[in-house]
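# Descriptive analysis of the structure
One letter stands for each residue in the lines below.
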Amino acid sequence: MVWRLSPWRRGPLLLLKRPGVALALLAAAFVAALPAAAAPQFLDSARSAALHHQLAQGCAATAGLQVFAPIAFTAPTWSPATPVGPDVLADRARLVDRVRAHTPGLGEPAYTLYTTLDAQPVGRAPRQKHATALTVLGRDGFADHVQVLQGPSGRGLWLPDTYAAAQGISVGDRLTLRGYQGPGSLITGGASASGTVTIPVAGIYRDLRSLPDAPFWCGEKELYRGRPGQDESNTPVLATALVDAATLTGVEQRIGQNGIEGIEVPVARPDRITSRQAKELADGIQRAIATFHADPAFDSGEQDRFGFRTRVDYAVHRAELVRAGLLPPVVPVTAAGTLVGLVVVAAAAIFWVQRRRQELLVLAAHGVGAGSLGLKAAAEALPALLVGSVVGWASAWALVRWVGPDPVLDASSVPLAVAAAGVTLVVSSLLVTGVAAIRCRALTDQVPAHRRHRVLAALPWELALLVAAPLVWQASSGDRQLADDPSHGVGSVAHLPARLLVVPILVVAGAALLGGRLGVWWLRRSSHRSAPRQPARLLARRRIAKEAIATAVLAGATAVPIALAAYGASVNGSVQDTVVAEAELHVGSDLVATLTEPAPVPPALAGRATMVVRIDGLLVGGYRTDVLAVDPATFAQGAYWDDRIPGPSLSSLAADLTAGDPPTMIATAPVPDGSTVIDWTSGHSGAYQVKQVDTLAARQGNYPVALVDRASLPDELLRYGHPQMWVRGDPVASAAALAAAKIHVYRVERADEFYNGTVYEPVTYTFEYIVALSVLTGLIAVVGLLLYLESRTPAHRRAYVLLRRMGLAARQHRSALVTELAVPLTVGLVAGLALTAGLVAALAREFTVDPDSPPGTLVAVPTTTVSVLIAAVAVVAIGAASLAQYRVSRANPSEVLRDTV
């Protein structure tokens, strides 16, 4: 058996004598295994990111389990045995503890009581009889989460400042509370409560509606802000009074007023939960809901009033949908990266044959066939390939955790990554065997048909890739949304079509191969031209021309990862900028606060805020239009704009508002250019000179929007509108500045929350992946450079010794080496960036997930990525040339002519 012979038995150890070859094989296996192992872990990381984003955004209270249960303090006449009062609350608390014990992943519960009561000041009539009703909310610890304006003084009721001011109530006043079931009441139906309770006012706090929503109150946001659309209904949003839970329980018991209990059980660690744990938690919550329904303490005969709210099941389905949407683009990117890595493995096998040629000739002379020599190559390469695959898998795991969408990975992704790395190891071993065997045929009696091979090599088969690119584009789907099963209620998630990755890969690969073929042809022809006078340039030119194929391969191996990295960075930046622009244009700025009354811009926001009065539904030139009355001097400071948006800048538009008589109005279509009339009240109107533009901020719905100088509108119309403050910059800091300035805010809109929970959240994951993968597969160029240097070392050593005897200085030889390496690397860099520019120019309009929303694609130039690539190429060229010069300078002239390997 051939395996028993020493050359094969000692094969795994023989490669240690060739560290350059071992390192090349290891690096090649690493490059091949890394993308294959990274793909399943990246998909799981993206799924975790979508899961955690869904659980974190909005309200932590509703991310787990939120229960709304009626609580009666008077047993109904039709069921006198129904449990009522504090005993029911205690039973429910025990039930929640039992549910948490059997549902891992749920955190500490919070209990809230709320009801609707009428409050009458003791000793005098209320100022506003129609606005005495209150939503009374009982929750322990509330005092630490409000902004105290007066008090506190003992135990009692805490009133919002807006209600207290309207009724003329101060701390220390006493209120008579009684049941209320009128408009806005949370309690409807049943007998009216007949008792009353007198309670002191213990504190006055800043109305929660005038402040950003704090996490403590997010589960009760609909109590003090109202349900969606309630502003437009005839149901008022009542002021919210605060009290501790025990006091409210006593009040309800004495009055006989029913109420509602809210139980909030959040997810224990929403930022660390894995997808598998989330699925188990979702199933546990469904069992918990069934447990609540089955428990007699929960059932008071009003099942239609019971409510449950959870986002875990929704978040799990949405995360799975995100993963499914990422599969089409991730698979071809991974396949391309793995394939290029396998090409480097094949190149390393050829290099092994070159470096082991002397021994292989001896074995071939003893009758060993090409197949057996291929097995010898696999035996020697296996340790390096194994180590490279293991390092590739470990690096993929580390990189996904460090720079992936989310560091939390489910345990199920680990065996998939190991299996992917194992498959690449097997394929790499078979590839080394096959390539080495084919390469060794020239050393045996098995001589290939050279003519047939020359004909095949001459065919420009790479043109098939370029021809396939437009065909794949036409045949591939351009859908930007992936829909889920309607029963899950998730809707759809956005993803850019896979053809935006597949087609560029085909174009880059085909162009690199075609450019390499043309480059080899040009280099061989240019070798006959006049030689340069400088010795270093002459030496570099002769070496480049002699090794034309190696030079072209090195240039192509540099161009491919650079093109894909720069393209991915450009698409990623463009998609992010475009999504941000769409959100900002819809809202108007980073933060738009609708105020209860006009207010000056606080000093803390000076230079980045502006006051706007929004008047919806005015008739402008026969079209119903939303008119924004702005201050031209400050509007461009507070409103969002990007100079990449087509058309005039916002500053120039604001300046135009102050020019002309009649005054100028800037409007979007269909409001036409020219003179027009704006009708604001019956019998009142104003003339304006309209300048039509394509895009303006704060366009909502299908109505056009118009900008006018606030000074050109009468005060009666400005009073009809909604005063708003538009602020650029960090919305959290801006909201805090508004609160510190004691500006009463009715509603806040933030651009960074506009797409929360919508179809747009996972869009950029794919291109973050391709950028990282392309940068990592840039190691291909380094590995190719290593192979090139190792293969050229003997020739460089012999040439250096002889050239030194002929008077060539060491610095001239170093300059020749730098030129020899810098030329293909620079050509690859320029070609890669040129391919990127062409692809972006051709496909830019596709870099948006919502083509119907303005402003269209905002192309981002990946300056940082390009700078890093240029610096990397320079460092690699200089570093590799210095290393090669160091190695050849240590040659012993007396032994160099015997260097035949």
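Procedures and definitions
- Residues numbered from 1 in each chain as written.
- Predicted model: local features only at pLDDT ≥ 70, side-chain atom pairs only at ≥ 80, totals over all residues.
- Heavy atoms only, no water.
- Helix = DSSP H or I, 4+ residues; strand = E, 2+ residues; numbered from the N terminus.
- Buried < 20%, exposed > 50% of the residue type's maximum accessible area, 1.4 Å probe, protein only.
- Contact = heavy atoms within 4.5 Å.
- Areas by Shrake-Rupley, 256 points an atom, 1.4 Å probe, with all protein chains shown as cover.
- Patch = residues over 30% accessible without salt bridge, like charges linked within 9 Å, V, L, I, M, F, W, Y side chains within 5 Å.
- Salt bridge = Lys/Arg side-chain N within 4 Å of Asp/Glu carboxyl O.
- Axes fitted to C-alpha atoms, helices over the stretch in contact; angles between N-to-C directions.
- Parallel < 35°, antiparallel > 145°, perpendicular 65-115°, else oblique.
- Left-handed = near helix turned anticlockwise from the far one by under 90°.
- Nonpolar A, V, L, I, M, F, W, Y, C, P; charged D, E, K, R; others polar.
- Polar contact = N/O pair within 3.5 Å; in protein donor to acceptor, adjacent residues only side chain to side chain.

### Some thoughts on the overall build of the chain
Helix and strand counts for the chain stand at 26 helices and 21 strands. When burial is assessed residue by residue, the chain has 51% of its 901 residues classed as buried. Considering only contacts in the chain between residues 6 or more positions apart, those separated by 24 or more positions represent 81%. Accessible area of the chain: about 40,100 Å², with a carbon and sulfur share of 59%.

### Observations concerning unusual backbone geometry
The step from Gly 151 to Pro 152 runs through a cis peptide bond, and the omega angle for that step is 0°. Within the element layout of this structure, Pro 152 appears in the loop between strand E4 (148-150) and strand E5 (157-160). Backbone torsion omega between Pro 854 and Pro 855 reads 15°, so that peptide bond is classified as cis. Position of Pro 855 among the secondary structure elements: in the loop between helix H24 (810-843) and helix H25 (863-889). Positive phi outside glycine occurs at Ala 698, with the angle close to 65°. Structurally, Ala 698 is set in the loop between strand E18 (684-693) and strand E19 (705-709).

### Things to note about a nonpolar patch on the surface
Residues Leu 459, Trp 461 and Leu 513 make up a contiguous nonpolar surface patch of roughly 310 Å² in combined accessible area. If you trace the backbone, Leu 513 turns up in helix H15 (residues 499-526). For Leu 513, a relative accessible area of 38% puts it in the partly exposed group.

### Some details on the pattern of salt bridges
Taken as a whole, this structure holds 21 salt bridges when the rule is applied. Note that Glu 264 is salt-bridged to Arg 139, the shortest N-O span being 3.4 Å. Remark: Arg 139 occurs in the loop between strand E3 (133-138) and E4 and Glu 264 occurs in strand E9 (residues 259-265); sequence separation between them is 125 residues. Using a relative accessible area of 7% as the deciding quantity, one classes Arg 139 as buried. Here the residues in one salt-bridge network are Asp 44, Arg 47, Lys 279 and Glu 320, joined through shared partners.

### Remarks on the environment of Leu 134
Among the secondary structure elements, Leu 134 is positioned in strand E3. For Leu 134 and Asp 118, which are 16 residues apart along the polypeptide, the C-alpha to C-alpha distance reads 6.0 Å. When neighbours within four sequence positions are excluded, Leu 134 is seen to be in contact with Thr 115, Thr 116, Leu 117, Ala 119, Leu 157, Leu 159, Tyr 163, Leu 238, Ala 239 and Ala 241.

### Observations concerning the packing of H24 against H25
It is at 9 Å that the axes of H24 and H25 come closest, and there the two elements cross at 150°. Here H25 runs roughly antiparallel to H24, going by the angle between their axes. Considering the relative orientation of H24 and H25, their crossing is right-handed. Across the interface between the two elements, Ala 810, His 813, Arg 814, Leu 817, Val 818, Leu 821, Ala 822, Leu 825, Leu 829 and Leu 833 from H24 touch Val 866, Leu 869, Ile 870, Val 873, Val 876, Ala 877, Ala 880, Ala 881, Ala 884, Gln 885 and Val 888 from H25. The residue makeup of the contact of H24 with H25, split by class, is 18 nonpolar, 2 polar and 1 charged.

### Points about the side chain of Thr 668
In this structure, Thr 668 sits in strand E16 (residues 664-668). Overall, Thr 668 belongs to the buried group, its relative accessible area being 0%. Only 3.1 Å separates the side chain of Thr 668 from the backbone nitrogen of Val 705, close enough to count as a polar contact. Each residue touching Thr 668, except ones within four places of it in the same chain, is listed here: Gln 692, Val 693, Asp 694, Thr 695, Leu 696, Arg 699, Pro 704 and Val 705.

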